[in-house]
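Analysis of the macromolecular model
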Amino acid sequence: MIDEGKILSRHELRTKNSRLTIGIIIFLLGLSFVIISLSLTTAVFSTPSILSILCVTIAGISLSLLLYSRQYDNPIFTYFLYEKGVRVFNHHTGNVYFISFNKIEYIYKYHAGINPNGKINAMAFRTSKNQPWNIIINNITNAYPLINTIIHQQVMNVGLTSLNGLSRGKTIVFDIVRGNDIWLKSLIFNFIKIKKTQIDTIPLSLSAHSLVTTKGTINIEDIQRIETLREAHHDKIRLFDAKGNVLFSIDYSSLISADLFIALLEHMIQNRIPAYYG
């Protein structure tokens, strides 16, 4: 029998203000339809380039609004937070299951819906690459505390195991979501990827003495500090050498288990754990 510990909180669909949100979305979609109709039947927009830009913009906004509306109409998961893990009710399949914190191997934080401030507002997690993703979007009650708790517990539990493995010569492989348009892929993640177990990724290999990227190998002893910086509405993870030169840079939202990666490197930089060569 699984020891779940004491139940701490329940996180389900947040209905407060959802009708107002959907009403605004319907109004904007109707306004978009009127603008397009006027542009096609009148001479309001005489320049074709302006019309093209307007249509593309409206189409993009409409798609985002529709996806955002669907998040409020169709709850996918309800979560019950326990001391030692999370119980998940999957509304899509009807399955109920418990996931221990020490089993959560993969966490992917991303953007969902219209997000002008660039704040990451959704997260997916799973225990292995053969398992489907569990999605947490900010349309459930206290979504951010739940997200932060799961990330913290992964760093504490999986992080300790990972450090022990690194000290014994093990290489830990992180996944980078492939593609330049991470925001667009993230936007439709929970609608297209929810049933899939594999996503297109690039490996990032970390050992006690090196970090292997697609651009080459970086010696851990050359890394003096790691920083997470906000740049153009995106969080950047950067590694610096002693002279302040950037050794490696990556978007936070493109790296799966980014917080675990940051925690491991910070510990290795501060403590310089010995590499196993035997």
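Above this text sits the structure in question.
Keep in mind that this is a model prediction, so the values were computed, not measured. (Residues numbered from 1 in each chain as written. Predicted model: local features only at pLDDT ≥ 70, side-chain atom pairs only at ≥ 80, totals over all residues. Heavy atoms only, no water.)

**What about the overall build of the protein chain?**
A count of helical and extended segments in the protein chain gives six helices and 14 strands. By residue count, 41% of the 278 residues in the protein chain fall in the buried class. Pairs at least 24 apart in sequence give 59% of the contacts found in the protein chain among residues at least 6 apart. Carbon and sulfur atoms provide 56% of the accessible area of the protein chain, an area that totals close to 15,000 Å². (Helix = DSSP H or I, 4+ residues; strand = E, 2+ residues; numbered from the N terminus. Buried < 20%, exposed > 50% of the residue type's maximum accessible area, 1.4 Å probe, protein only. Contact = heavy atoms within 4.5 Å. Areas by Shrake-Rupley, 256 points an atom, 1.4 Å probe, with all protein chains shown as cover.)

**A look at the packing of helix α3 (residues 143–167) against helix α6 (residues 258–271)**
Interaxial distance between α3 and α6 falls to 9 Å at its minimum, and their mutual angle equals 50°. The orientation of α3 with respect to α6, classified from their angle, is oblique. Considering the relative orientation of α3 and α6, their crossing is right-handed. In this structure, α3 contributes I151, Q154, V155, V158, G159, S162, L163 and L166 to the contact, and α6 contributes D259, L260, A263, L264, H267 and M268. (Axes fitted to C-alpha atoms, helices over the stretch in contact; angles between N-to-C directions. Parallel < 35°, antiparallel > 145°, perpendicular 65-115°, else oblique. Left-handed = near helix turned anticlockwise from the far one by under 90°.)

**Considerations on the environment of K215**
Looking at where K215 falls in the secondary structure, it is placed in the loop between β10 (210–213) and β11 (216–219). Once the C-alpha coordinates of K215 and F248 are considered, the two residues, 33 residues apart in sequence, prove to be 9.1 Å apart.

**Examining α6**
Over its 14 residues, α6 runs 20 Å from end to end, which matches the ideal 20 Å to within 8%, given 1.5 Å per residue. Turning to α6, its buried residues are A258, L260, F261, I262, L264, L265, M268 and I269. (Expected span 1.5 Å × (residues − 1).)

**Overview of the packing of aromatic side chains**
Taken as a whole and judged by the stated rule, the model has five aromatic pairs. Measuring from centroid to centroid gives 6.1 Å for Y79 and F125, while their planes differ by 40°, and the two rings are tilted. On the criterion of sequence distance, the pair formed by Y79 in strand β2 (residues 77–82) and F125 in strand β6 (residues 122–126) is long-range, its members being 46 residues apart. Plain terms: the ring middles of F174 and F261 are 5.3 Å apart, the flat faces sit at 80° to each other, and that makes the pair edge-to-face. One end of the pair, F174, is in strand β8 (residues 172–177); the other, F261, is in helix α6, with 87 residues separating them in the sequence. Ring-pair connections join several aromatic residues into one group, and the members of that group are F77, Y79 and F125. Seen from the ring of F240, R225 lies directly overhead, with NZ or CZ sitting 4.1 Å from the centre. (Phe/Tyr/Trp six-rings, centres within 6.5 Å; stacked < 30°, edge-to-face > 60°. Lys NZ or Arg CZ within 6 Å of the ring centre and 35° of its normal.)

**Quick word on the pairing of strand β3 (residues 85–90)**
Sheet analysis places β2 next to β3, joined by five bridges and oriented antiparallel. Considered in β3, the bridge of F80 is made with R87. What sits between β2 and β3 in their antiparallel hairpin is a turn of two residues. With five bridges joining them, β3 and strand β4 (residues 96–100) adopt antiparallel strand pairing. Looking across to β4, one finds that V86 is bridged to I99. In this structure, the hairpin formed by β3 and β4 is closed by a connection of five residues, where G94 is found at a positive phi of approximately 85°. (Pairing = 2+ DSSP bridges.)

**A look at the nonpolar core**
If you look at the biggest cluster of nonpolar residues, it comprises 31 residues, and the most contacted ones within it are Y79, M123, F125, W133, I136 and I150. Those elements giving two or more residues to this core turn out to be β2, β3, β5 (106–110), β6, β7 (134–137) and α3. When residues of this core are assigned to their parent elements, the largest contribution, five residues, is made by α3. For I136, the contacting residues outside a window of four places in its chain are Y79, N121, A122, M123, F125, A143, L146, I147 and I150. I176, I226, F261 and L265 belong to the second-largest nonpolar core, a separate cluster that totals 28 residues. (Core = buried A, V, L, I, M, F, W, Y, C linked by side-chain atoms within 4.5 Å.)

Just geometry here; none of it tells us what the structure is for.
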